[in-house]
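As a plain string of letters, each chain reads:
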Amino acid sequence: MRLLLPLLLVNLAACSLTPQPEPSVSTPARIATMAPYTVNDYVNNLTYQLSHFKGPLSGNSRIGVSSFYYANALDSKLPSGQAEGLSQQIQESLLTQFTQLGYNTVEYRLSNNINLASNADSALSRDIAQLRERQNIDLIITGTVTRQQHAYIVNARLVNINNKHVLSAGSTEIPINVMWGSEKVQQRDNYLYRSEY
C-alpha cells in the first residue's frame with residue numbers, strides 16, 4: 001500500500017503537467033457570393049467581338065441566334081444544374097443586343113398564331129409544327145459552352161448559312177456563380193455554402 005500511494009501521486013502530478021488541448025475555435029462557413037455581373041453583361045463582350053466582321057456584310061442580311069450547347073454534346077445537352085437557363089440567357093441576350101445595334105435580326109421561333117392559355121399568351125414556340133416551314137435567315141449566331149473549374153467558356157460564331165463561312169467569332173468567360181440562386185444552403189463544387197442561419 002505504501003508503494004501505491006507514491007505511484008498515485010506521481011501519476012497525478014504527471015497529468016497536471018501535461019498541457020491541455022486548446023479549445024477549438026469555430027470558423028464561419030464561407031458565404032456564397034454572386035458574380036459581379038449578370039449573364040447579359042458578360043454576353044455584351046461577346047456581342048462586341050461578333051460585330052467585327054471579316055469582310056463586308058450586306059445591310060439586309062437576316063440574322064438568327066441559336067441555343068448554345070455543351071461542346072462535347074452538340075445536339076443533346078444544354079447546360080444544367082446550377083447553370084440551368086444559361087444557354088437560353090446567352091441566346092436571348094445576343095438577340096437583344098444585336099437588335100439594339102441595328103442589325104436585321106430574325107425571331108424564327110415566332111409561331112403562326114398567338115397561343116392563348118388561361119393565365120398567359122405566347123407568340124413564341126419551339127414546336128416545328130407551329131413555325132413557318134421556311135425560315136428567312138441568311139446568317140446564324142451559334143456556339144458552344146465548355147465548363148471549366150471557375151467559369152463557363154462560351155465560344156460563338158456568326159456563320160453564313162448558305163456557304164458555312166464564319167464571318168466573325170468571339171469568346172468570353174462567364175463565372176460559374178453567375179446563375180446561383182438565393183437558397184439558404186447551396187452545394188457548389190462539392191462544398192456546402194450556408195448564406196443564412
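Everything quoted here is computed from the prediction, not taken from an experiment.

What counts and how
Residues numbered from 1 in each chain as written. Predicted model: local features only at pLDDT ≥ 70, side-chain atom pairs only at ≥ 80, totals over all residues. Heavy atoms only, no water. Helix = DSSP H or I, 4+ residues; strand = E, 2+ residues; numbered from the N terminus. Polar contact = N/O pair within 3.5 Å; in protein donor to acceptor, adjacent residues only side chain to side chain. Contact = heavy atoms within 4.5 Å. Buried < 20%, exposed > 50% of the residue type's maximum accessible area, 1.4 Å probe, protein only. Phe/Tyr/Trp six-rings, centres within 6.5 Å; stacked < 30°, edge-to-face > 60°. 1 Å grid on protein atoms, 1.4 Å probe; cavity = no way out; pocket = protein on both sides within 12 Å on 5 of 7 lines; lining within 4 Å. Points joined across faces, edges and corners; volume = space filled by probe spheres on them. Core = buried A, V, L, I, M, F, W, Y, C linked by side-chain atoms within 4.5 Å. Expected span 1.5 Å × (residues − 1). Pairing = 2+ DSSP bridges. Axes fitted to C-alpha atoms, helices over the stretch in contact; angles between N-to-C directions.

## Some remarks on the side chain of Ser66
You can see Ser66 is positioned in strand E1 (residues 63–70). At 3.0 Å, the side chain of Ser66 forms a polar contact with the side chain of Thr142. Not counting residues up to four positions away in its chain, the partners in contact with Ser66 are Gln91, Tyr108, Ile140, Ile141 and Thr142.

## Observations regarding unusual backbone geometry
Peptide bonds are trans in most cases, and residues, glycine excluded, mostly fall at negative phi. For Lys164, which is not glycine, the phi torsion reads 65° and is therefore positive. Take Lys164: it is sitting in the loop between strand E5 (151–160) and strand E6 (166–175). Judged by its relative accessible area of 65%, Lys164 is exposed.

## Re the packing of aromatic side chains
Applying the stated rule across the entire model yields three aromatic pairs. Pairing Tyr37 with Tyr42 gives two aromatic rings, centres 5.8 Å apart and planes at 85°, and the pair type is edge-to-face. Ring geometry for Phe53 and Tyr103: centres 5.6 Å apart, planes at 85°, overall edge-to-face. Linking Phe53 in the loop between helix H2 (39–50) and E1 with Tyr103 in the loop between helix H3 (86–100) and strand E2 (110–116), this pair joins segments that are 50 residues apart in sequence.

## Remarks on empty space enclosed by the protein
In this approach a probe as big as a water molecule rolls over the atoms, and the regions it shows empty are the leftover space. Applying the stated criterion across every chain yields a total of one cavity of 30 Å³ or more. Here the largest cavity defines a volume of roughly 30 Å³. Along its surface, the largest cavity is lined by Val65, Gln91, Leu95, Val106, Glu107, Tyr108 and Arg109.

## Section: the nonpolar core
By size, the foremost hydrophobic cluster in this structure holds 26 residues, and its most contacted members are Phe68, Ile90, Leu94, Ile141, Val145 and Ile174. Going through the elements one at a time, H2, E1, H3, strand E4 (139–147), E5 and E6 are the ones with two or more residues in this core. Ile90 has contacts with Val39, Val43, Phe68, Val145, Val154 and Ile174, leaving out every residue within four places of it along the chain. One finds Val106, Ile137, Ile140 and Val159 within the second-largest nonpolar core, a separate group that totals five residues.

## Topic: the environment of Ser87
By the secondary structure assignment, Ser87 is in helix H3. Judged by relative accessible area, Ser87 falls into the buried class, the value being 1%. Separated by 21 residues in sequence, Ser87 and Ser66 place their C-alpha atoms 9.2 Å apart.

## Remarks on H2
The terminal C-alpha atoms of H2, which comprises 12 residues, lie 16 Å apart, in line with the 16 Å expected from a rise of 1.5 Å per residue. At its buried positions, H2 is contacted by H3, E4, E5 and E6.

## Focus: the sheet that holds E6
Sheets are built from strands paired through backbone hydrogen bonds, the pairs being either parallel or antiparallel. As summarised here, the arrangement of the four strands in space is E1-E4-E5-E6, forming an open sheet in which the pairing is mixed. The open sheet is flanked by E1 and E6, the only strands paired with a single partner. For this sheet, the mean angle separating the axes of adjacent strands, direction not counted, is 20°. Against the sheet, H2 engages E4, E5 and E6, with an angle of about 155° to E6. Seen against the sheet, H3 touches E1, E4, E5 and E6 and runs at an angle of roughly 160° to E1.

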